[in-house]
Amino acid sequence: MGSEPGTGSGVVIPHTKVSRPRLPRQHFVRERLLAAMDRAAERQVVSVAAPAGSGKSSMLSAWCRQVEGRETCWLSLDRDDNDPTRLLHGIVSAFRALDPGLGVTALEPSSTSMQGIRDAALPSLVNELAALGREAVLVVDDYHAIRSQEVHDSMAFLVTNLPENVCLVVASRHDPPLPLARLRLEGQLSEIRADDLALDSDETGALLEASLGRAPGSDQIDALQRRTEGWAAGVSLAGLWLERQPGASARIDEFAGDDHNVVEYLAAEILETLEPDIRTFLLETSLLERLEPDLCDAVRGSRDSAAHLAELDRRNLFVVPLDRRIHAYRYHQLFGEWLQREAGAASEVDQAALHRRAADWYRDNGELTAALRHAVRAGDVEDSTALLEAQIWPIATSGAWPDLLRLIDALPSALRSGDPLLEILEAWAAVFAGQPQRADPWISRALAARAEDPDGDHNRRAAYEAHAMRALAAINRADAAAVAENATALAELFPLIDPDADGLPISAYPESHSVFLLDPHLMAGTLAEQADVIDGALETADMARAGGLSVPYLLGMRALVEVGEGDVDRGLRTARAAVEMLHEHPGSNALEYLLALSVVAEHGHGDEAVRGLERMSRIVGATPEGAFPFAIYLIARGQFGVRAGDVEDAAGAIEEAESAIAAAPDPGPWLRGRLTDAKARLAAARTEAARSEDYGKPLSDREMSILRAFEGNLTQREIGQELYLSFNTVKTYSRSIFRKLGVSSRDDAVRAAKAAGLI
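Reading the values: rules and limits
Residues numbered from 1 in each chain as written. Predicted model: local features only at pLDDT ≥ 70, side-chain atom pairs only at ≥ 80, totals over all residues. Heavy atoms only, no water. Helix = DSSP H or I, 4+ residues; strand = E, 2+ residues; numbered from the N terminus. Buried < 20%, exposed > 50% of the residue type's maximum accessible area, 1.4 Å probe, protein only. Contact = heavy atoms within 4.5 Å. Areas by Shrake-Rupley, 256 points an atom, 1.4 Å probe, with all protein chains shown as cover. Pairing = 2+ DSSP bridges. Axes fitted to C-alpha atoms, helices over the stretch in contact; angles between N-to-C directions. Parallel < 35°, antiparallel > 145°, perpendicular 65-115°, else oblique. Left-handed = near helix turned anticlockwise from the far one by under 90°. Nonpolar A, V, L, I, M, F, W, Y, C, P; charged D, E, K, R; others polar. Phe/Tyr/Trp six-rings, centres within 6.5 Å; stacked < 30°, edge-to-face > 60°. Expected span 1.5 Å × (residues − 1). Salt bridge = Lys/Arg side-chain N within 4 Å of Asp/Glu carboxyl O. Disulfide = S-S within 2.5 Å.

(A) Just the overall build of the protein chain, in detail. Each helix and strand in the protein chain was counted, giving 38 helices and seven strands. The proportion of buried residues among the 759 residues of the protein chain is 59%. Long-range contacts, defined here as pairs at least 24 residues apart, represent 71% of the contacts in the protein chain between residues at least 6 apart. In the form shown here, the protein chain has an accessible surface area of approximately 30600 Å², with 48% of it arising from carbon and sulfur atoms.

(B) Focus on the environment of Met37. Checked against the element boundaries, Met37 lands in helix H1 (residues 31-40). Residue classification places Met37 among the buried residues on the basis of a relative accessible area of 0%. In this structure, the C-alpha to C-alpha distance between Met37 and Met59, residues 22 residues apart in sequence, is 9.0 Å. With residues near it in sequence (within four places) discarded, Met37 still touches Val46, Met59, Leu60, Trp63, Val169 and Ile192.

(C) Representation of the sheet that holds strand E5 (residues 189-193). Strand order across the open sheet formed by five strands is E2-E3-E4-E1-E5, with parallel pairing between neighbours. One side of each edge strand has no neighbouring strand; the edge strands of this open sheet are strand E2 (71-76) and E5. Within this sheet the neighbouring strands show an average axis-to-axis angle of 15°, counted without direction. Pairing analysis gives five bridges linking strand E1 (residues 45-49) to E5, with the strands arranged parallel. The residue of E5 that forms the bridge with Val45 is Leu189. Of the strands in this sheet, E1, E2, strand E3 (136-141), strand E4 (166-172) and E5 touch helix H2 (residues 56-66), which is tilted by about 155° from E2. Contacting E2, E3 and E4, helix H3 (residues 84-95) runs over the sheet at an angle of about 150° to E2.

(D) Fine view of the packing of helix H26 (residues 510-524) against helix H27 (residues 531-540). With their axes 9 Å apart at the nearest point, H26 and H27 run at an angle of 160° to one another. On the basis of their axis angle, the class for H26 and H27 is roughly antiparallel. Here H26 and H27 pass one another in a crossing that is left-handed. In this structure, H26 contributes Glu511, Ser514 and Leu518 to the contact, and H27 contributes Val533, Ile534, Ala537 and Thr540. By residue class, the composition of the contact of H26 with H27 is four nonpolar, two polar and one charged.

(E) Inspection of the packing of H1 against H2 at higher detail. Remark: H1 packs on H2, axes separated minimally by 10 Å, with the N-to-C direction vectors making an angle of 70°. One way to sum up the angle between H1 and H2 is to call them roughly perpendicular. Of the two elements, H1 crosses H2, and the hand of that crossing is right-handed. Across the interface between the two elements, Leu33, Leu34, Met37 and Asp38 from H1 touch Met59, Leu60, Ala62, Trp63 and Gln66 from H2. Its residues placed into classes, the contact of H1 with H2 shows seven nonpolar, one polar and one charged.

(F) Seen up close, the packing of aromatic side chains. Applying the stated criterion across every chain, the model contains five aromatic pairs. For the ring pair Phe628 and Trp670, a centre distance of 6.1 Å and an interplane angle of 40° mean the geometry is tilted. Placement of the pair is Phe628 in helix H32 (residues 627-644) and Trp670 in helix H34 (residues 668-688), with a sequence separation of 42 residues. Residues Phe628 and Trp670 agree in their burial class; the two are buried.

(G) Layout of the side chain of Ser512. As for its placement among the helices and strands, Ser512 is situated in helix H26. Apart from the residues lying within four places of it in its own chain, the contact partners of Ser512 are Ser507 and Ser550.

(H) Up close: helix H22 (residues 420-432). Between its terminal C-alpha atoms H22 stretches 19 Å, which fits the 18 Å expected from 13 residues at 1.5 Å a residue. With 11 of its 13 residues buried, H22 lies for the most part within the structure. The set of residues buried in H22 consists of Leu422, Glu423, Ile424, Leu425, Glu426, Ala427, Trp428, Ala429, Ala430, Val431 and Phe432. Residue Gly434 follows H22 closely and has a positive phi angle near 80°.

(I) Geometry of the environment of Pro420. Looking at where Pro420 falls in the secondary structure, it is placed in helix H22. Once the C-alpha coordinates of Pro420 and Trp442 are considered, the two residues, 22 residues apart in sequence, prove to be 9.9 Å apart.

(J) Just the pattern of salt bridges, in detail. Following the criterion strictly, the structure yields 42 salt bridges and no others. A salt bridge links Lys731 to Asp649; the nearest nitrogen and oxygen atoms lie 3.4 Å apart. You can see Lys731 sitting in helix H37 (residues 727-741) and its partner Asp649 sitting in helix H33 (residues 647-663), a full 82 residues away along the chain. With a shortest N-O distance of 2.9 Å, Glu703 and Lys740 are connected by a salt bridge. With a gap of 37 residues between them, Glu703 in helix H35 (residues 701-709) and Lys740 in helix H37 connect regions that are remote in the sequence. Here the two residues Glu703 and Lys740 agree in accessibility, since each one is buried.

(K) Highlighting the state of the cysteines. Throughout the structure, instances matching the rule amount to zero disulfides. Of all cysteine sulfurs in the structure, the one in Cys64 sits closest to Cys73, which takes part in no disulfide; the separation is 8.5 Å.

(L) Looking closely at the pairing of E1. Counting buried positions over the five residues of E1 gives five, a clear majority of the element. Residue alternation in E1 divides its side chains into two sets, Val45, Ser47 and Ala49 and Val46 and Val48, and both sets are buried. Where E1 and E4 come together, five bridges link them in parallel fashion. Residue Val48 lies in a different strand from E4, and its bridge partner there is Ala171.

(M) The environment of Ala487, seen in detail. Note on placement: Ala487 falls in helix H25 (residues 480-493). You can call Ala487 buried: its relative accessible area is 6%. Distance in space between the C-alpha atoms of Ala487 and Leu518 is 8.5 Å, their sequence separation being 31 residues.

Following this line, the structure appears as structure tokens:
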């Protein structure tokens, strides 16, 4: 196991999640279903929605094995996939079964927010798939595990922007919250439901024969099919029960049609007949969401798990095969839930010890969320906090602060509130993840404690962290006055703090402190006066300390000074030195790279500038409430658009930047000056723009829809959401509208359209 190549993100996608499940031993060919899937897959999206145990996964796995003219790939979801970044990694990992080099642009740098994934990563992936040159099918199984609206939004984008050569099959216990109604109207959706999957009498007989190894009587078949209403799991489990209950056909009529009743009744009957070692194995591994020999051995403290799993597979006992290569399985979902309840009530099962061993195995294999979940269930407070503490800087330097929040949220609230380090980690993670309001309670407590006891060492240190958090939140929201106010407080506290002492603070390193003091000068446009301070901070910076996060930010400041002095070549070299750290450190979403990337995007050449903009878009996506980074990105995009001759995109970006700056509390002279310069360059470019050969041509229906949307205050991104179009698609149509109307801005387009009677 390991993180995906080229991402540096630490996201681990187990091979079992992207492997097509093996067919169960009692599998039989269901020709009518395979034919139905062939017909369904003629459309771009297929929804397979039916209750647990209906045979969705087996049917789709069998279909993937026989489909002709298309390559297939697979992704199984679980509750850990309720995160857009992890979902993106999973989808790319699945598609890499078709092309190992696919998705590098989408994942490097990785994105940790909805905006970055939707605006850059997913469009990039869609473009790569369109260029694949062959037809492909992606099956996304167990979608019912997803509860996150952000993940639903990511999938909705993918569903509505699939290239023509890709078919998406989504399997779930219920209709997924995706734009199915729109797909139905457009004729792009096929649906397979519970009634389609239900076994008829012939299929019930075939499954019973596969389970029993002999042909059952027709009365048993008819009774069971009638009572289970064709529910495949109920028929399969009944076959196991009948194998142990010869002559029990009369009792078939006692089976309830409710799936939970059937499972609990049959499972209990079968479990009691098993050998003690098999029964113990089932109970001891019931806590695991997937069953691998090494993992089961680690949890049980044994070396015979592979043999037990093979025996369960051979006897068709409750396990669903996942991966032939490592002989991995999972329990049938409903049986697994029942088995966990049984294990919880069994006095011979030490669940705390089992969870503890599972946590150790998952931690050693890089699956931190699962490790923390088991550590919490084991009641291991020290192990849980140690697991978080050991990962704080790897997570921080990867820019995956939302991942850290998710890990912290896995801890009980009583544990979080009782550990000072966890409290401050949670607060910092919230600030970096663009959720500063979540840090406010801790900040308020820290500042109140210092007000009561200003000379207490711990209180001084905690107050420093609180002001640092406020300073970072203030610069994100473009509030120059608040940045200066907190910088003054930090300057007062810094001489009173020993950063090498145990405990807090996390941020009071000399180079980090210098950044906080320089930020007011950045916003005021007086960085040139602080060149010596920047150089001194860079000379004393320790790259090993705090992951070196302050160094690229300082280099970005230095590059801005050099460009401002007219030495663009030198500024570019300095900015490139900062950007190069992206390859050495997995800090691809760190705000600290924003300034250097803006220099590269505005002054770099060709692909270098494009890559700079792409990386900036991901940084902006990682700070959803950040007016300051958002404005810097938009201005850089506008400047790049002017240089590249893309006046329409430049105009849209600068228009958005102006709105963001106008709404900011106190953007400061520097940001306003950059906007003024960008607008001047845009105005000059507009005067030079010549009317293209498209001038005067009629607008298409889609172009008219977008033109009418121009009358409102929606951004291009919001127009795309209203019309179910990607951001890039809206940009493409906008450019065409401008060319045909002979204009270079939205306002001019509306005026020209009204004058021509179009709207």
